[in-house]
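Listed here are the chains, written in short residue letters.
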Amino acid sequence: MAGGIRGAMGTVSLILIAGSLVLMFFVVLSGVKNSTPLNKTYFLRADTSNVAGARPVSQWTFFYVCGQGNQNCGSPIPDLPFGAAWVGGGSGAPKDLVGSYYKSTTSKYYYYMWRFGWVFYLMALITNVLSFFTSLFAPCSRLASGISGFFVANALFWMTLAASLMTATFVKARNSFRNNGQPASIGSYAFGFTWGAWVCMFLATIFLFLGCGASRKENKRRSTATTRSTGAAGGGNFGFFRRQRSRRAGSFVESESQRRVKDEYA
C-alpha cells in the first residue's frame, strides 16, 4: 500500500517539478525569440517615449530591455539594471527610478532590489533542476523522495524570495511611471509563470515528503507485524515441547502401573 502511495506521490511531484521548470524557462528566455509565449513575457511595460535615450515603449524581461512585443531588444545583461532602458539619458523618467548606479541611470533601491531578485530566481532555477533529476527515482525510493523533497524545498525558498522581490520592485516601478503621467502595466505572463511555478514547487514539496513519510510508516508497521508473528511462533514451539513432556510423563506413569499389576499376580 505504501509503495503505491509513494509511487503516486513521486509521479505527481515529478510532473509538478517539470511543469515549474517549463514555466521558469519561459520567464528566463523571454525576449530571446519572437514566438509565443516568449514575445509576450515581460515584467513591466511602460511608455518611455518622452524619456531621453529610451525606446518609445520599453519592456523589461529577464535578460533584456525590449521594445513593443519584445522586439528591438538590446544586448543580454545579467542581473539587468533597471536604468538600462535609458543609458546615456534618463531625463523624463520617474525621479525615484533614476540614480547614481549603473552609469547614473538607476536608483539604489531599484538597482539592488532587481539584482537580488534576479540572483534568487537563478538560484531557484538551478536547485529546481537538481530536484528534477533526483525526483526521477522518487516513485521507487523513499530515500530519493526525501532528497528530492529537500532540494525542492530549497528551491522553493529561493523562489519565494525572488518572486516577492520581483513583484514588489515592478509593481512599485509601474506606480512610479503612472504617477509621472506615463502609461505602464505589469506583465501578466511573466508573473503568472513565476507564481505558477511557485505553486507547483510548493505542492511538489508536500507530496514528496508525504510519500517519504508513508513509506516509513509502512516499514514500521511491517516490522511490528514480523515481531508479533515471530513471538507467536516461539510460543507455539514452547507449547509443543510442553505437550511432548506431558506425554512422556504420562507414559512413564502408565508403565509403572503395569509393572505393579504384574508383580501382584506373580
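Residues numbered from 1 in each chain as written. Predicted model: local features only at pLDDT ≥ 70, side-chain atom pairs only at ≥ 80, totals over all residues. Heavy atoms only, no water.

### Some remarks on the overall build of the protein
To keep things clear, this is the line we draw: Here a strand is any run of E in DSSP of at least two residues, a helix any run of H or I of at least four, and the numbering for each starts at the N terminus. Note on exposure labels: buried denotes an accessible area under 20% of the residue type's maximum, exposed denotes more than 50%, and partly exposed covers the range between, all computed with a 1.4 Å probe on protein chains only. In this description, contact between two residues means that some pair of their heavy atoms is separated by no more than 4.5 Å. All accessibility values rest on the Shrake-Rupley procedure with a 1.4 Å probe; residue burial counts only the protein chains present in the view.
Along the protein, the regular secondary structure elements total 5 helices and 4 strands. Counting only residues that meet the buried cut, the protein has 39% of its 266 residues in that class. Looking at the protein alone, contacts between residues at least 24 apart form 65% of all its contacts between residues at least 6 apart. Working note: accessible area of the protein is about 14,100 Å², and carbon and sulfur atoms make up 63% of it.

### Re the nonpolar core
Selection criterion: Here, nonpolar core means buried Ala, Val, Leu, Ile, Met, Phe, Trp, Tyr and Cys residues that are tied together by side-chain atoms lying within 4.5 Å of each other.
Residues Phe43, Trp60, Phe82, Trp86, Tyr121 and Phe177 are the most contacted members of the largest nonpolar core, which totals 49 residues. Of all the secondary structure elements, the ones that give two or more residues to this core are α1 (2–28), β1 (44–47), α3 (108–135), α4 (142–179) and α5 (188–265). Broken down by element, the residue count for this core peaks at 10 residues, all from α4. Not counting chain neighbours up to four residues away, the residues in contact with Tyr121 comprise Met24, Val27, Val28, Phe62, Met159, Ala162, Met166 and Thr194.

### Looking at the pairing of β1
For a regular strand, side-chain orientation follows a simple rule: the groups alternate between the two sheet faces. Going by this rule: A pair of strands is treated as paired once DSSP finds two or more bridges between them.
Going residue by residue along β1, you find Leu44 and Ala46 tucked away on one face and Arg45 and Asp47 left uncovered on the opposite face. Pairing of β1 with strand β2 (residues 57–60) involves 4 bridges; the strand directions are antiparallel. Residue pairing in the sheet places Ala46 in a bridge with Ser58 of β2. In terms of strand pairing, β1 meets strand β4 (residues 184–186) through 3 bridges, oriented antiparallel.

### What about the state of the cysteines?
This is how it is decided: Here, a disulfide means two cysteine sulfur atoms that sit within 2.5 Å of each other.
If you walk through the whole model with that rule in mind, you get 1 disulfide. Across the disulfide, Cys66 is cross-linked to Cys73 (sulfur-sulfur distance 1.9 Å). Because the torsion about its S-S bond is 105°, the bridge between Cys66 and Cys73 counts as right-handed. Taking relative accessible area as the criterion, Cys66 reaches 0% and is therefore assigned buried.

### Here we look at the sheet that holds strand β3 (residues 65–66)
One key point about sheets: their strands pair by backbone hydrogen bonds, in either a parallel or an antiparallel sense. Filter applied, for reference: Helix axes are fitted to C-alpha atoms over the stretch in contact, other axes to C-alpha atoms as well, and angles between N-to-C directions run from 0 to 180 degrees.
A sheet is described by the order of its strands in space; here 4 strands give the open sequence β3-β2-β1-β4, paired in antiparallel fashion. At either end of the open sheet lies a strand with only one pairing partner, and these are β3 and β4. Along the sheet, α4 makes contact with β1, β2 and β4, crossing β4 at roughly 165°.

### What about the packing of aromatic side chains?
Remark: the centre distance and the inter-plane angle together describe each pair of aromatic rings, the angle taken between the planes. Quick reminder of the rule: Two rings from Phe, Tyr or Trp (for Trp, the six-membered ring) form a pair when their centres are within 6.5 Å of each other. A pair whose planes differ by under 30 degrees is stacked, one over 60 is edge-to-face, and the rest are tilted. Comment: the charge-over-ring label is applied if NZ (Lys) or CZ (Arg) is within 6 Å of the ring centre and within 35 degrees of the ring normal.
Within the structure shown, the criterion is met by 30 aromatic pairs. Ring plane angle 75° and centroid distance 5.2 Å describe the contact between Phe62 and Phe63, whose orientation is recorded as edge-to-face. According to the relative accessible area criterion, Phe62 is buried, its value standing at 0%. Here the aromatic rings of Phe157 and Trp158 are separated by 5.0 Å at their centres, their planes lie at 70°, and the arrangement is edge-to-face. Of the residues examined, Phe157 reaches a relative accessible area of 47% and is grouped as partly exposed. The ring of Tyr109 has Lys172 sitting right over it, with the charged end atom 4.0 Å from the ring centre.

### Here we look at the pattern of salt bridges
Definition in use: One side-chain nitrogen of Lys or Arg within 4 Å of one carboxyl oxygen of Asp or Glu is enough to make a salt bridge.
In total, this model carries 1 salt bridge according to the counting rule given. With a closest N to O distance of 3.3 Å, Arg115 and Asp79 form a salt bridge. Here the residue Arg115 occupies a position in helix α3, and Asp79 occupies one in the loop between β3 and α2 (101–104), the gap between them amounting to 36 residues. For Asp79, a relative accessible area of 18% corresponds to the buried category.

### Things to note about α4
Stated precisely, the cut-off is as follows: Each residue after the first adds 1.5 Å to the expected span of a helix. Polar contact is the term for a pair of N or O atoms within 3.5 Å; when the atoms are in protein, one must be able to donate a hydrogen and the other to accept it, and sequence-neighboring residues count only if both atoms are side-chain atoms.
The end-to-end C-alpha distance of α4, which contains 38 residues, comes to 54 Å, matching closely the 56 Å that a straight helix rising 1.5 Å per residue would cover. At the N-terminal boundary of α4, the capping side chain belongs to Ser141, with an oxygen 3.4 Å from the backbone nitrogen of Leu143. Backbone geometry just downstream of α4 places Gly181 in the positive-phi region, at approximately 80°.

### Concerning a nonpolar patch on the surface
Note the following rule: Like charges are joined within 9 Å and nonpolar side chains (Val, Leu, Ile, Met, Phe, Trp, Tyr) within 5 Å, but only among residues with over 30% relative accessible area and no salt bridge; these make up the patches.
On the surface, Val199, Phe202, Leu203, Ile206 and Leu210 cluster together into a nonpolar patch covering about 380 Å² of accessible area. As for its position among the elements, Ile206 is in helix α5. The class of Ile206 is partly exposed, set by a relative accessible area of 34%.

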